[in-house]
Amino acid sequence: MLKLIRKFLDASLQNMVNSNYTSKWIILSIDVLITTFSILLVYSTGKLLYPAQVLALPSLEILIILNAVLNALFFITFKSHWGIVRFSTYQEVWRFFIATFCANLGLLFLTASNGYSMPIITNLVIRNFTFSVFFLLAFRNITVLIYSILTRYAGEVCQRGLVFGTGPESIATAHSIFIDKNKDYKLVGFLTTDKERSKNRILDLPVYYLNNNLDQIVAGYKINTLIFSERKRLHEEQENLLNKCINLNLKVMLAHSPQSLSEEESEQKTIKPIRKVQIEDLLGRGEIKISIDKIRTQIEGNVVLVTGAAGSIGSEIVRLVASFKPKLLILVDAAETPLHNLQLELEDNYKGLRFEAIIGDVRSQNRMNFVFRTYRPRIIYHAAAYKHVPLMEKNPCEAILANVYGTRNLANHALRFGAERFVMISTDKAVNPTNIMGASKRIAEIYVQSLAKYLTGKNNKLQFITTRFGNVLGSNGSVIPRFRQQIEEGGPITVTHPDITRYFMTIPEACRLVLEAGNMGKNGEIYVFDMGNPVKISDLATRMIELAGLIPGKDIKISYTGLRPGEKLYEELLNDKEYTKPTKHDKIMIADVREYEFREVLKAIDELLELSRKIDVIGTVRKMKDLVPEFKSNNSIFEELDIIPSDN
C-alpha cells in the first residue's frame, strides 16, 4: 500500500513538473486578486490605526473596484502576466512594478479629483503600492521555490556538469540551465584555464582551474558532462581538451545561450538550449560576418529566383533571402516532395513572405520562359545541378544537359528578361577536373564568364558572378550523414582511401558567402571561398565514432573500399595557372582564370549539346576534354581518351 501511495505521489509530482505553462489569464487573475487583498489589508489596518482618516476615504467597495480595474488594465498594458512564473526574471519583476505604480497613481488621481483629501489618499496609495509589490514578489519567489523543491524531489536532475569558460556567454549558459524547466543538468561549477579566475565564485558556484588535472576534477566532483557555450571555443579546444573528455568518457555538449538567440527564436523555443556536440561543430569556424545592410538593400523589395531551391544549398539560400524581405521569392526545383516540405517550412516560419514554389526543370525552355515572363526576377541564385561524382561518371550526357545546358538556358532568360544579377554556384571540383561532374561545372563557368565578357560595354546591366567552394557539411549525399547512418547501424564506416582529403564548409557558412559575393561581385568574376585547411576523411570518421562514445576499430571498424570512378585524393580550389586576388572580405578571393572567346565557346557548347542529346557518350566526353584541356580522368573508363598518340 505504501509503495502504491509513493508511486502515486511520484507520478503526481512528475506531472506537475512537466505540466504545460499556466495560462497567462490565470496569472493575471491571481495578480489582480493579490492587489485586491492588498487594498483590503491597507483599508483594514487603516481602520484600526487611523479610524478618523478612513471616514475621509471612498467606500471599500469603490476602492476595491477601482484598484482591481486599474491593476488589470496596467498588467495587460505592460504584459506582466505573460512570463512563466516559475522562471521569473528581473525584467518581469520590473514590469509588474511599473504596472502597479501606474495603477496606484491612477487610483490617487481618480479619488483626489473627486474631492477626497489628498494627504489621506496619498498615504493609502503608498501603503497599497508597497504591499502589492511585496505580495506579487512573494508569490513569484514562493512559486520558484516550490518548483525547485518539486523538481529536485522528482529526480529530474540527471547530469552533473561543468560549464567551460567564465565569459559572458558561459555565464549566460549557466543561468539558462538554472531556469531550464527540464532540469537535465546540475551545475557543479565552471572550468577555466585562467588561474586568476579560479579564485572567484560565479553565480555562487566554484571556478575550477584546469591544469592537466581534468581527471582529478571529474573523479572528485563526480562530473559526467562538460558544456561549451561557444562553437568557436569548442573548435579551439578540440585537440587538447576534447580528447581528454573522450578518454574520460565525459559527455561533451554545446549550448546556445539566450543571448545568441533571436527574440523570435527565444519566444518560439524552437532551438534546444543544449545539445550533443556534432562533427560540424568541430570542423566549422567562427561566425562569418557579411554586409547585412548592403545585402538587405539589394534584396529587399526585389523579385528573387532560386533554382535548386529544395536542395541543401538552395534551401539555405532561400531561408537567408526570406529574412531580407524580398518583394517576391520564387523557388524552382524539379523534386516535388522536398519542394513541398520547403513550402510548408516557409509558411510556418516566415509569416507575410510572398513566395511561389514552382516545379520546373532549368533545362526546359518553355518552363523557364514562363517563370521569367510571369515573375520578372531581378536576382537569380543558380544552385540547380547534378553533383554526385560516381553517378555523373556513368551519365555524362545528362551531366552536360543539366549542368551546362541548364545554366545556359537560365542565363539566356535572365539576359532576355532584364535581370540585374546572376549568381552561379560552382564547385572546387571544377579546378583541374578529374571527373565528369567537375568538368561539366567548369564548362558552365566558361559559358557564364565568356558571356559576361562578350556583353561588356554593350549597355547591359546584368552582372554574372560565379562562386566556388568545396564540400558542405551535412548536405544531401555528403559523407557526414552517411557516416552517421553507418555508426547507428553498427558499422563499418566505409572510406574510399586512407589518404583522401577534402575541404569542408558548413551550409550556413557557404550560403552567407554566396550572398556576400553576389552583393560585391563584378561582372564575369569567379569568387573562391576560404575553405580553411583540408580534412582527412579517415580522421573525420574516427572523430565521429569517438563523439558517439564508441571506440574506433573496436566498436566501429573503418573499411577502405578504394577510390570511386572520377575521384581524386586531393581537391584544389584553384587551377595551377590561376592565382587569386584579395577582396574586402577576408574569406573571399577573386580567381584570375583563363578567359575564352564567347563565339568559340558557343560553337563548342552547341556541338557538345548535340552529342549529349544523341547520347554519344564517348563523343561527349572527348568534346569536354577539348573544351577543358586540363580535364584528365582519374580511375575512370574515360582515361583512355587522355592518351596522346605518339608522333613516332
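My aim in this report is to walk through the structure given alongside it, one point at a time. (Residues numbered from 1 in each chain as written. Predicted model: local features only at pLDDT ≥ 70, side-chain atom pairs only at ≥ 80, totals over all residues. Heavy atoms only, no water.)

Remarks on the sheet that holds strand 8 (residues 303-307)
The strand order across the open sheet built from nine strands is 10-9-8-11-12-13-18-22-21, with neighbouring strands paired in mixed fashion. The open sheet has two free edges, formed respectively by strand 10 (355-359) and strand 21 (579-582), since each of these has just one partner strand. Strand-to-strand twist of the sheet, defined as the mean angle between neighbouring strand axes without regard to direction, takes the value 25°. Pairing between strand 8 and strand 11 (residues 379-382): four bridges, direction parallel. Bridge pairing links Thr 307 to His 382 in strand 11. Helix-sheet contacts for helix 14 (residues 336-349) involve strand 9 (328-333) and strand 10, and the interaxial angle to strand 10 is about 170°. The strands that helix 18 (residues 436-455) touches are strand 12 (421-425), strand 13 (463-468) and strand 18 (525-529); relative to strand 13, the one it contacts most, it runs at about 150°. (Pairing = 2+ DSSP bridges. Helix = DSSP H or I, 4+ residues; strand = E, 2+ residues; numbered from the N terminus. Axes fitted to C-alpha atoms, helices over the stretch in contact; angles between N-to-C directions. Contact = heavy atoms within 4.5 Å.)

What to know about the side chain of Asp 333
Note on placement: Asp 333 falls in strand 9. Side-chain polar atoms of Asp 333 contact the backbone nitrogen of Ala 335, separated by 2.8 Å. With residues near it in sequence (within four places) discarded, Asp 333 still touches Gly 308, Ala 309, Ala 310, Gly 311, Leu 339, Ile 358, Ile 359 and Gly 360. (Polar contact = N/O pair within 3.5 Å; in protein donor to acceptor, adjacent residues only side chain to side chain.)

Structural notes on a nonpolar patch on the surface
A cluster of nonpolar side chains, contributed by Ile 615, Val 617 and Ile 618, occupies part of the molecular surface with about 220 Å² of accessible area. Within the secondary structure, Ile 615 is located in the loop between helix 22 (598-613) and helix 23 (617-627). (Patch = residues over 30% accessible without salt bridge, like charges linked within 9 Å, V, L, I, M, F, W, Y side chains within 5 Å. Areas by Shrake-Rupley, 256 points an atom, 1.4 Å probe, with all protein chains shown as cover. Salt bridge = Lys/Arg side-chain N within 4 Å of Asp/Glu carboxyl O.)

A few points about the sheet that holds strand 4 (residues 205-209)
If you trace the seven strands from one edge of the open sheet to the other, you get 3-4-2-1-5-6-7, paired in mixed fashion. If you trace the sheet from one side to the other, it starts and ends with strand 3 (201-202) and strand 7 (274-276), each paired once. For strand 5 (residues 225-228) and strand 6 (residues 251-255), the ladder comprises four bridges, and the chain directions are parallel. The residue of strand 6 that forms the bridge with Leu 226 is Val 252.

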